Amino acid sequence: MFKVTDADRHVWESELDWQNYLPAEIYSEFPIRFVADTYEKMGMRAEKYGAFAAIKLPPEIFIGTYKILNHWGDKEALAASFKSRVNQLYSATNSSEQHASMDAAGVETAAIFPSFAMYIVNHRDLPAHVSLSYAYAYNTWLKEYCSYNPERLKAVGIISRHLPSNMVLQLEKVIENGWTSITLRPEVICGRALGHEDYNDFWAACEKHNIAVAFHGGTNLHAPTAGTDRFISRFAMHACSHPMEAQMAFVSLLESGVLERHPRLKFAFLEAGASWVPHWLWRLDNICYPEFPTLVEANIKMLPSEYFKRQCWVGIEIGEPCLRDVIDVIGHDKLLYGSDFPHPDHLQFTTEDIAQQLGELTEVELQGVLEQNAKDFYGFEDIKNEAALLKPEDQLAEVN
């Protein structure tokens, strides 16, 4: 039986009382607002889509006057409502239920990521100071959330990229919390790709303090996510957003010299699968790198695949093809398992019989993917004793 380390598990903070964590002047101008569904809207949907649409939908969520989700309307909300996920979402809203859900799934330790906060902090229409305030607010709340059992609930801090000059200060506050990792979106945010020179001091600080950087994409962000220049459907945008942004994020870090200048920096590409890695690295090694060597020699001094093998981890999807090819290229120690709990696009996947589902992996490879690799990437320490697995109230009972 494996003691699973979940490299990608989420909170569900859509209904968080943000007002308690933000400066009053920020919240008064940019509050989180819930616009409730109405019978009138239900009737209009029934006329447009049919009687099945006459159900009460969750409220639309705004920050100030801006919608939090891009290209998200009635059809998307209806589809989401008909996919059973209420119990899972509730389990992620508070730490005790999250803890219980981990027990039920056989997860020992989990890296805890945001859900809605990533859409707020990276919203292209928000002023930089508002994005920053919401990042601080989320991290403050997350520290409280994970304090329920910090040995098992491992906080991953969020960083606002709106104003690069304050990113090192944000990082210092993450370090003060005792956290070992942060999450960033892979997209171009406020006109800057990940390799932009404005981020140079930030990458240097991440390396200096051994902070792991996890890239986590998503669909419906108000940003130029891959696919949004030509699609508006959830299906097409969701197909493009995660894997294509991961590939371009690696290229940005590579061609700008971030990987060359900071050889101890650790990066992970999550929820994009791993099957793209062999193709992408082969293309970079054999088509792009040798074409015009003088154009890349300043920042890329060895094969692109060598940088990836040295510094990068990638999350796998259960059931995806080509895992053996991925291992042959980058090694099994760079593969991560993440549940993406409680998001609806991964509800069909389960940790039950996970060894059988990953039957092409050897026992040693499975142990790495399910237990050790995430600890190596995030810098998690092993849980020292069984008491750490208990809920706080159970620990007190044992003492008494």
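Here we summarise the structure given alongside this text. (Residues numbered from 1 in each chain as written. Predicted model: local features only at pLDDT ≥ 70, side-chain atom pairs only at ≥ 80, totals over all residues. Heavy atoms only, no water.)

Structural notes on the overall build of the chain
Then comes step 1: Of regular secondary structure, the chain possesses 18 helices and twelve strands.
Then comes step 2: Computed over C-alpha atoms, the radius of gyration of the chain comes to 21 Å, within 12% of the 21 Å expected from 2.2 N^0.38 for 400 residues, which places it in the range of a compact globule.
Then comes step 3: The principal-axis extents of the C-alpha atoms in the chain amount to approximately 65 × 55 × 45 Å.
Then comes step 4: The proportion of buried residues among the 400 residues of the chain is 53%.
Then comes step 5: Once local pairs closer than 6 in sequence are excluded, the contacts in the chain between residues at least 24 apart make up 77%.
Then comes step 6: Surface summary for the chain: the accessible area is close to 18000 Å², and the carbon and sulfur share equals 55%. (Helix = DSSP H or I, 4+ residues; strand = E, 2+ residues; numbered from the N terminus. Rg over C-alpha atoms; globule rule 2.2 N^0.38 Å. Buried < 20%, exposed > 50% of the residue type's maximum accessible area, 1.4 Å probe, protein only. Contact = heavy atoms within 4.5 Å. Areas by Shrake-Rupley, 256 points an atom, 1.4 Å probe, with all protein chains shown as cover.)

Details of helix α17 (residues 363-378)
Then comes step 1: Under the 1.5 Å per step criterion, the end-to-end length of α17 is 22 Å for 16 residues, consistent within 8% with the ideal 22 Å.
Then comes step 2: Considering bend angle alone, the principal kink of α17 is centred on Q372 and spans about 50°.
Then comes step 3: Of all the positions in α17, only E365, L366, G368, V369, L370, E371, N373, A374, K375, F377 and Y378 are classed as buried.
Then comes step 4: Count one or two residues on from α17 and you reach G379, which has phi positive near 80°. (Expected span 1.5 Å × (residues − 1). Bend = angle between axes of the 7 residues up to and from the residue.)

Observations regarding unusual backbone geometry
Then comes step 1: Look at the link from F341 to P342: it is a cis peptide, with omega at 5°.
Then comes step 2: With respect to the helices, strands and loops of the structure, P342 is situated in the loop between β12 (335-337) and α16 (354-357).
Then comes step 3: For C190, which is not glycine, the phi dihedral falls at a positive 50°.
Then comes step 4: Structurally, C190 can be placed in the loop between β8 (181-184) and α9 (200-208).
Then comes step 5: A positive phi angle is found at N210, which is not glycine, with a value near 55°.
Then comes step 6: The topology assignment puts N210 in the loop between α9 and β9 (212-216).
Then comes step 7: Using a relative accessible area of 47% as the deciding quantity, one classes N210 as partly exposed.

Some remarks on the pairing of strand β11 (residues 312-316)
Then comes step 1: In terms of burial, β11 is a largely internal element, five of the five residues being buried.
Then comes step 2: Residues C312, V314 and I316 of β11 are buried on one face, and the alternating residues W313 and G315, pointing to the opposite face, are buried as well.
Then comes step 3: In terms of strand pairing, strand β10 (residues 267-270) meets β11 through three bridges, oriented parallel. If you follow A268 over to β11, its bridge partner there is W313.
Then comes step 4: Bridge count between β11 and β12: three bridges; the pairing is parallel. (Pairing = 2+ DSSP bridges.)

Overview of the sheet that holds strand β5 (residues 107-113)
Then comes step 1: Strand order across the open sheet formed by three strands is β1-β5-β6, with parallel pairing between neighbours. On the outer flanks of this sheet lie β1 (4-10) and β6 (153-155), each paired with one strand and no other. Each strand axis lies, on average, 25° off the axis of its neighbour in the sheet, ignoring direction.
Then comes step 2: The sheet contact formed by β1 and β5 spans five bridges and is parallel. (Axes fitted to C-alpha atoms, helices over the stretch in contact; angles between N-to-C directions.)

Regarding the pairing of strand β3 (residues 60-63)
Then comes step 1: Judged from the four bridges that link them, strand β2 (residues 32-35) and β3 form a sheet pairing that is antiparallel. The residue of β3 that forms the bridge with F34 is I61.
Then comes step 2: Hairpin connection from β3 to strand β4 (residues 66-67): two residues lie between these consecutive antiparallel strands, with G64 at a positive phi of about 65°.

Brief notes about the pattern of salt bridges
Then comes step 1: Under the counting rule described, the total for this entry stands at ten salt bridges.
Then comes step 2: Across the pair R9 and D6 runs a salt bridge whose closest N-O atoms are separated by 3.0 Å.
Then comes step 3: Exposure remark for R9: the relative accessible area of 2% places this residue in the buried category.
Then comes step 4: In this structure D6 comes out as buried when scored by relative accessible area, which is 0%. (Salt bridge = Lys/Arg side-chain N within 4 Å of Asp/Glu carboxyl O.)

Observations regarding the side chain of T219
Then comes step 1: When you line up the elements, T219 lands in the loop between β9 and α10 (234-255).
Then comes step 2: Under the relative-accessibility criterion, T219 is labelled buried at 4%.
Then comes step 3: A distance of 2.9 Å separates the side chain of T219 from the side chain of S241, its partner in a polar contact.
Then comes step 4: Residues in contact with T219, not counting those within four places in the same chain, are Y119, R234, M237, H238, S241 and H242. (Polar contact = N/O pair within 3.5 Å; in protein donor to acceptor, adjacent residues only side chain to side chain.)

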